[in-house]
Amino acid sequence: TITTIWWMTLSTGLDLCSWLYVLLLFSALWGQATPQCPDKCHCAWDTATVLCSDAGLREVPEGIPPETVSLHLERNYIRNIPESAFSHLVHLRDLYLSHNRIDSLSSGALRHLGSDLRLLDLSHNQLRQASREEFGSTRAKMRLYHNPWHCDCTLQELMETLNLEPETVNGIICESSVRGHAGQPLVKLLDSGVNFCSLQRKTTDVAMLVTMFVWFFMVIVYVVYYVRQNQAEARRHLEYLKSLPSPRKTPTETDTLSTGF
């Protein structure tokens, strides 16, 4: 307050301008030490929570404080997650990305999340495909329901690796499938014995057999063609030899043969 500043000025012998200079310097240093909140977001510093919900964001905002523990980005217009979007958030525990338009994850986009991560919510997005490389080794509880998943071997391997939230696992529906199981929960299909990876291996084996058969057929055709070409060449050569006139004997040779000398 002004009274306090005036009293300190009188007690220390400093003039008012000097004290104002000290206060301005202190305010500048305090502003640099205080973390900044991203635009269109609200930060609760006491709980290390960053709230960016319903902010009209089209991408992950820059300048998220590295001390963030809980990050809310739900109900925006985010379409993809860059690889380095969360690389500096080593203390992050809860990441909410539901109700966006995310249709792709960069390779390793979630790999940089620390081992403290407890919850990753990607529900209500536009994800069709994903692989283990994009999620890394995280053991956080996953929410992946209400996405238009295409069920194949890659997705099956991913689901077998992740720690899916039990309450929402039946909401992971196959919108399309390599086996025609559209509209059915992926987990129930796997529990019933459906194996998308075995189908892929069978398809690969059939493709290899077809390729080998085509290659063998082409070799046989070439051999037959080569033999026939050689036979035709030999026949033409023989006909040419037959068409040549036979050599006539000279008189000297005839006399020699008749006399025996």
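Reading the values: rules and limits
- Residues numbered from 1 in each chain as written.
- Predicted model: local features only at pLDDT ≥ 70, side-chain atom pairs only at ≥ 80, totals over all residues.
- Heavy atoms only, no water.
- Helix = DSSP H or I, 4+ residues; strand = E, 2+ residues; numbered from the N terminus.
- Buried < 20%, exposed > 50% of the residue type's maximum accessible area, 1.4 Å probe, protein only.
- Contact = heavy atoms within 4.5 Å.
- Areas by Shrake-Rupley, 256 points an atom, 1.4 Å probe, with all protein chains shown as cover.
- Core = buried A, V, L, I, M, F, W, Y, C linked by side-chain atoms within 4.5 Å.
- Pairing = 2+ DSSP bridges.
- Disulfide = S-S within 2.5 Å.
- UniProt positions renumbered as here; feature names shortened; annotations may be inferred.

Draft legend 1. Here's a closer look at the overall build of the protein chain. Scanning the protein chain from N- to C-terminus turns up seven helices and twelve strands. Residues classed as buried in the protein chain amount to 33% of the 261 residues present. Counted over contacts in the protein chain with a minimum sequence separation of 6, partners at least 24 positions apart contribute 40%. Taken as a whole, the protein chain presents about 17,400 Å² of accessible surface, with 59% of it coming from carbon and sulfur.

Draft legend 2. Summary view of the nonpolar core. Ranked by internal contacts, the top residues of the largest apolar core, which has 46 residues, are Ile81, Phe86, Leu122, Phe135 and Leu144. Element by element, the count of residues in this core is highest for helix α4 (residues 153-161), at three residues. Leucine 144 has contacts with Leu122, Phe135, Trp149, Met159, Leu162, Leu164 and Ile172, leaving out every residue within four places of it along the chain.

Draft legend 3. Region of interest: the side chain of histidine 181. Tracing the backbone through its elements, the reader meets histidine 181 in the loop between β11 (173-177) and β12 (184-185). Here histidine 181 is in contact with Cys174, Leu189, Val194 and Phe196, once residues within four sequence places are set aside.

Draft legend 4. Layout of the sheet that holds strand β7 (residues 119-121). Overall, mixed pairing links the seven strands, which are arranged β1-β2-β3-β5-β7-β8-β10 in an open sheet. Each end of this open sheet is capped by a strand with a single partner; those strands are β1 (42-44) and β10 (163-164).

Draft legend 5. Molecular detail of the sheet that holds strand β9 (residues 149-151). Strands sit in the order β9-β11-β12 across an open sheet of three strands; the sheet is mixed. Edge positions in the open sheet fall to β9 and β12, since each of these has one partner strand only. Here two bridges tie β11 to β12, and the two strands are oriented antiparallel to one another. Residue pairing for β12: cysteine 174 is matched across the bridge by glutamine 184.

Draft legend 6. Broad picture of the state of the cysteines. For the structure on display, the rule yields four disulfides. Across the disulfide, cysteine 37 is cross-linked to cysteine 43 (sulfur-sulfur distance 2.1 Å). Here the S-S torsion is close to 90°, and the disulfide linking cysteine 37 with cysteine 43 is therefore right-handed. For cysteine 43, a relative accessible area of 10% corresponds to the buried category. When the cysteines of the protein chain that form disulfides are numbered from the N-terminus onward, they connect as 1-3, 2-4, 5-7, 6-8.

Draft legend 7. Up close: the UniProt feature "domain: LRRNT" (unreviewed entry) in the protein chain. The UniProt feature table records "domain: LRRNT" (unreviewed entry) at residues 36-70. Between the end C-alpha atoms of residues 36-70 the distance is 16 Å, and the span holds 0% helix and 20% strand.

Draft legend 8. Looking closely at unusual backbone geometry. Despite not being glycine, arginine 75 has its phi angle at roughly 60°, a positive value. Structurally, arginine 75 can be placed in the loop between β3 (70-72) and β4 (80-81). Judged by relative accessible area, which is 42%, arginine 75 ranks as partly exposed.

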